[in-house]
2 protein chains.
Amino acid sequence: MDDRFIAVDWGTTNRRCYLLDGAGTVIETFRDDRGVLAVGQQGGGPEAFAAEVAAIRARLGDWPLVAAGMVGSQRGWALVPYLSCPASGGQVAGALHAIDARTWIVPGLSDPRGDVMRGEEVQLLGAVAAGLAPPDALLCQPGTHCKWARMEGGAVASFFTSMTGEMFALLRGHSLLAEFLNGPVADGPAFRAGVDASADGALLKALFGVRASALLGLRAVGDSAAYASGLLIGSDVRGAGVGAGREVHLLADPVLGALYTAAIAQCGGRSHLIDSHAAFVAGIVQIRTQIWSLARDC
Amino acid sequence: MDDRFIAVDWGTTNRRCYLLDGAGTVIETFRDDRGVLAVGQQGGGPEAFAAEVAAIRARLGDWPLVAAGMVGSQRGWALVPYLSCPASGGQVAGALHAIDARTWIVPGLSDPRGDVMRGEEVQLLGAVAAGLAPPDALLCQPGTHCKWARMEGGAVASFFTSMTGEMFALLRGHSLLAEFLNGPVADGPAFRAGVDASADGALLKALFGVRASALLGLRAVGDSAAYASGLLIGSDVRGAGVGAGREVHLLADPVLGALYTAAIAQCGGRSHLIDSHAAFVAGIVQIRTQIWSLARDC
């Protein structure tokens, strides 16, 4: 029982807290909207984050705590420098930022060609650690900022980010296309037509076509959102070099997982859907094991 | 003196009114913010547009009037059907929508592959009519929605639209990149690096790199806006198939004209800058001449 610890996946908007044992059994978990921005809006600063963590311990027990994600950014609890790729689980554990003797923040990763992540590295390393993905693999984490990571020998060798989800939200929320993008988004003929259309690479041109085709009656307005989603996800998948025979391990919720699975298949690739919560837990347990091991070595 | 007429380039946000003679001499002109949206906000409807035109005639004289642009859209004075490409000046003049015996709206054009324009067709046809561009040419009208038109025998053979300018505004106004995009946009090393980076076609990935490179100190934050502009304009130019030896006739203001000129040159093409006001005047004079000629034939 005394190998219990708390893990926090602490993002910009939301966070998920886990009470785990050393084997990765989830004893208790909850999710709420106390993301980094919400804490920041109530004053922020180290005291605010310390108070948040005290509240988490009051709820889950007074255990050691490891937090990952935007909590380690300028807007978070402390600015933890990025660890440069390639980066293994051991290197990440060795670069933890200690708030105190029982509270740590996981560093984000940088790709020296010009990219950054905070939090996703735990899932990536955990997917391999738990045997959910092979040590050499292409992993994809769809979302607001979709991450594509090349794993080599179980380490994050390189990665890049596409602003696929954010772009869809921008178009739906603020663009001239907005009024055409209220329809449902699911795999189907309209989504697949969008994935097809993404092949010519001229995204700015294809996007305007969403509006024009609706105005001309060439596509039902209700199909436009699925078509635009296909365009964006198709561009993302092609931009990652996914083609004939390429395997992709997807860390995704069921909705985005289904869309990326369809787009990858349409581009000739094959995908494997991985439970991203299980990957996070495996990753944080691996890191926690390294902390204890490092502590024993001291 | 009795061949005078009024031309209105009546867009979404602004409009420009001209008092012209039959030879295209600009006797008087003014620009204001009484675009289609502004008229719509004060009630809209045919009466509102009729009142606007009465006010224009009160200022410029009680002459025949020809209006082009979004004034012919659902949000404008009357919904004028698109004329399908290929479309010559004569065909456009023959498809004018008559509000009354001395007031006309120019129809927009559609490309059957899925694109639309309203207003730009007058500049395109006028550029050729005035000898500012050859009858067979690739014309480009940079802006919020950049139009690329293929002219054949002086007619608009086909065209497409890129949402280049709108995308930049979306990113600067509403995206996670916003805080990095306040710097100046001009031709220079950062802009050209963006045009270079647009070559790999993965725009969603390159855009996120704007933020990541600034965070990692790989690019000065003050250079990020010029770099992002280069990415978008480079994508636009490449998406139009501009490569070695390709000639483009640009209908642009000096600022966008300079950026597109630089990007086209970097992609191996050559550009010629055309005065878009002169092209509009030439186009509307050509249409007006056709109206008078059609009237005589009846």
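- Per an unreviewed UniProt entry, chain A goes by 2-dehydro-3-deoxygalactonokinase and derives from Novosphingobium pituita.

With respect to the interface of chain A and chain B
- With 44 residues of chain A at the interface, the matching set in chain B holds 44 residues.
- Carbon and sulfur atoms supply 75% of the area that chain A and chain B bury against each other, a total of about 3,100 Å² over both sides.
- Interface area lost by chain A to chain B is led by Met163, Leu204 and Phe208 of chain A, which between them contribute 22%.
- Here chain A and chain B share 0 salt bridges between them.
- If you look at where chain A meets chain B, you find 5 residue pairs in polar contact (both at pLDDT 80 or more).

Considerations on the packing of aromatic side chains
Residue and element names in this part refer to chain A.
- Considering all chains together, one arrives at 6 aromatic pairs over all chains under this definition.
- Their ring planes at 15 degrees and their centres at 6.3 Å tell us that Phe49 and Trp77 sit as a pair that is stacked. Taken together, the residues Phe49 in helix H2 (residues 45-60) and Trp77 in the loop between strand S4 (65-69) and strand S5 (83-84) connect sequence positions 28 residues apart. Considered together, Phe49 and Trp77 belong to a single accessibility category, that of buried residues.
- Every member of this aromatic cluster is reached through a ring pair, and the members are Trp10, Phe49 and Trp77.
- Here Arg118 stacks its cationic end above the ring of Tyr82, 4.2 Å away from the centre of that ring.

Structural notes on the sheet that holds strand S3 (residues 26-32) of chain A
Residues and elements named next belong to chain A.
- On the basis of which strands lie adjacent, the open sheet formed by 6 strands has the order S3-S2-S1-S4-S7-S6 and mixed pairing. On the outer flanks of this sheet lie S3 and strand S6 (97-100), each paired with one strand and no other. Going across the sheet, the axis of each strand differs from the next one's by a mean of 20 degrees, ignoring polarity.
- Strands strand S1 (5-10), strand S2 (15-20), S3, S4 and strand S7 (103-105) of the sheet are contacted by H2, whose axis makes an angle of about 130 degrees with S1.

Some words on unusual backbone geometry
- Cis peptide bonds are those with omega within 30 degrees of zero, and the linkage from Cys85 of chain A to Pro86 of chain A qualifies with 0 degrees.
- Counting through the fold element by element, Pro86 of chain A comes out in the loop between S5 and helix H3 (89-94).

Here we look at the domain arrangement of chain A
All names here are of chain A.
- Once the domains are mapped, chain A shows domain 1 (5-132 + 276-297) and domain 2 (162-274).
- Spacing between the C-alpha centres of domain 1 and domain 2 amounts to 32 Å.
- Tallying the contact residues gives 6 residues for domain 1 and 4 residues for domain 2.
- For the pair domain 1 and domain 2, the summed buried surface comes to about 380 Å²; carbon and sulfur atoms form 70% of the total.
- Summed over the shared surface of domain 1 and domain 2, the result is 0 salt bridges.
- Taken together, domain 1 and domain 2 are joined by 1 residue pair in polar contact (both at pLDDT 80 or more).
- Of all the secondary-structure elements, those providing two or more residues to the side of domain 1 that touches domain 2 are helix H4 (120-129) and helix H10 (276-297).

A short note on the pairing of strand S2 (residues 15-20) of chain B
Residues and elements named next belong to chain B.
- Taken across its 6 residues, S2 has 5 buried, putting it largely inside the fold.
- The sheet contact formed by strand S1 (residues 5-10) and S2 spans 6 bridges and is antiparallel. By the bridge assignment, Ala7 is partnered in S2 with Tyr18.
- By the bridge criterion, 6 bridges tie S2 to strand S3 (residues 26-32) in an arrangement that is antiparallel. When the sheet's bridge partners are listed, Tyr18 is paired in S3 with Thr29.
- Connecting S2 to the antiparallel partner S3 that follows it, the hairpin turn spans 5 residues, and Gly24 within it adopts a positive phi of roughly 95 degrees.

Parameters at a glance
Residues numbered from 1 in each chain as written. Chains lettered and ligands numbered in written order. Predicted model: local features only at pLDDT ≥ 70, side-chain atom pairs only at ≥ 80, totals over all residues. Heavy atoms only, no water. Contact = heavy atoms within 4.5 Å. Buried area = accessible area lost by both parts, 1.4 Å probe. Salt bridge = Lys/Arg side-chain N within 4 Å of Asp/Glu carboxyl O. Polar contact = N/O pair within 3.5 Å; in protein donor to acceptor, adjacent residues only side chain to side chain. Phe/Tyr/Trp six-rings, centres within 6.5 Å; stacked < 30°, edge-to-face > 60°. Helix = DSSP H or I, 4+ residues; strand = E, 2+ residues; numbered from the N terminus. Buried < 20%, exposed > 50% of the residue type's maximum accessible area, 1.4 Å probe, protein only. Lys NZ or Arg CZ within 6 Å of the ring centre and 35° of its normal. Pairing = 2+ DSSP bridges. Axes fitted to C-alpha atoms, helices over the stretch in contact; angles between N-to-C directions. Domains from an automatic or database assignment.

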